[in-house]
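Survey of secondary and tertiary structure
These are the residues of each chain, in order.
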Amino acid sequence: MASDPDCIFCKIVAGELPARKIDEDDRTISFMDINPGSHGHALVIPKEHARDLLEIAPDELAAVVHAAQRLAKRMPGALGAEGVNLINSCGSIAWQTVFHFHMHVIPRYSYDTIRLPWTPGDGGERLDQAAEALRA
Ligand code: AMP
Ligand code: ZN
């Protein structure tokens, strides 16, 4: 299994760093985010090291998403969450700070202070340009 000796999440997988584990399967581990954005904020990681969304193998990504859904389904009953955000950051510009792929599973509450991180814009003609550029 691919591992990076300098990666803190690989160290959590190896048991070399502590983590508040809440779920595990063949391919993934889930644990509490050490600096939570809301009550119950968790992270799901693949056991195999992959840097980010562009690098992770599709079957590893699928395993992470399945685990994230498993956790999300527990959050209303276990925590009283009224909703959940799944968030992944790919690249420093997109706020990624730990370069071992992870999915944030963030329970949401009416009282929390999390806000939409973008201002909805009027795409104008650039909307068509972007669509054209992105079509495979
Ligand atoms: P990101 O900024 O999307 O790369 O997310 C990295 C997340 O990892 C942050 O929310 C950190 O609070 C969290 N984090 C960093 N180190 C640890 C750790 N040792 N245990 C748990 N969470 C961590
Ligand atoms: Zn790693």
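Residues numbered from 1 in each chain as written. Chains lettered and ligands numbered in written order. Predicted model: local features only at pLDDT ≥ 70, side-chain atom pairs only at ≥ 80, totals over all residues. Heavy atoms only, no water.

**A few points about the nonpolar core**
- Grouped together as the largest cluster of nonpolar side chains are 15 residues, with contacts concentrated most on V44, M103 and V105.
- When residues of this core are traced back to their parent elements, those giving at least two are β3 (42-46), α2 (58-79) and β5 (103-108).
- Examining the composition of this core, we find that six residues originate from one element, α2, more than from any other.
- The residues touching V105, leaving out its near neighbours within four places in the chain, are G40, H41, A42, V44, A68, L71, A72, M75, V84, N85 and L86. (Core = buried A, V, L, I, M, F, W, Y, C linked by side-chain atoms within 4.5 Å. Buried < 20%, exposed > 50% of the residue type's maximum accessible area, 1.4 Å probe, protein only. Helix = DSSP H or I, 4+ residues; strand = E, 2+ residues; numbered from the N terminus. Contact = heavy atoms within 4.5 Å.)

**Some words on the confidence of the model for the protein**
- Here the protein averages 97 in pLDDT, while 100% of its residues score no lower than 70.
- Element-level mean pLDDT values for the protein span from 95 in helix α3 (residues 125-134) up to 99 in β3. (pLDDT = per-residue confidence, 0-100.)

**Thoughts on the pattern of salt bridges**
- Throughout the structure, instances matching the rule amount to nine salt bridges.
- With a shortest N-O distance of 2.6 Å, D23 and R70 are connected by a salt bridge. Of the two residues, D23 is situated in strand β1 (residues 21-24) and R70 in helix α2; the sequence distance between them amounts to 47 residues.
- For D23, a relative accessible area of 10% translates into the label buried.
- With a shortest N-O distance of 3.8 Å, D52 and R51 are connected by a salt bridge.
- R51 gets classed as partly exposed once you look at its relative accessible area, which sits at 40%. (Salt bridge = Lys/Arg side-chain N within 4 Å of Asp/Glu carboxyl O.)

**Thoughts on the pairing of β5**
- The element β5 is largely enclosed, with a buried count of five among its six residues.
- Inspection of the sheet shows β3 paired to β5 by three bridges, in the antiparallel sense. Across the sheet, A42 pairs through a bridge with V105, a residue of β5.
- In this structure, strand β4 (residues 83-87) lies alongside β5, joined through five bridges in antiparallel fashion. What sits directly across from G83, in β5, is R108. (Pairing = 2+ DSSP bridges.)

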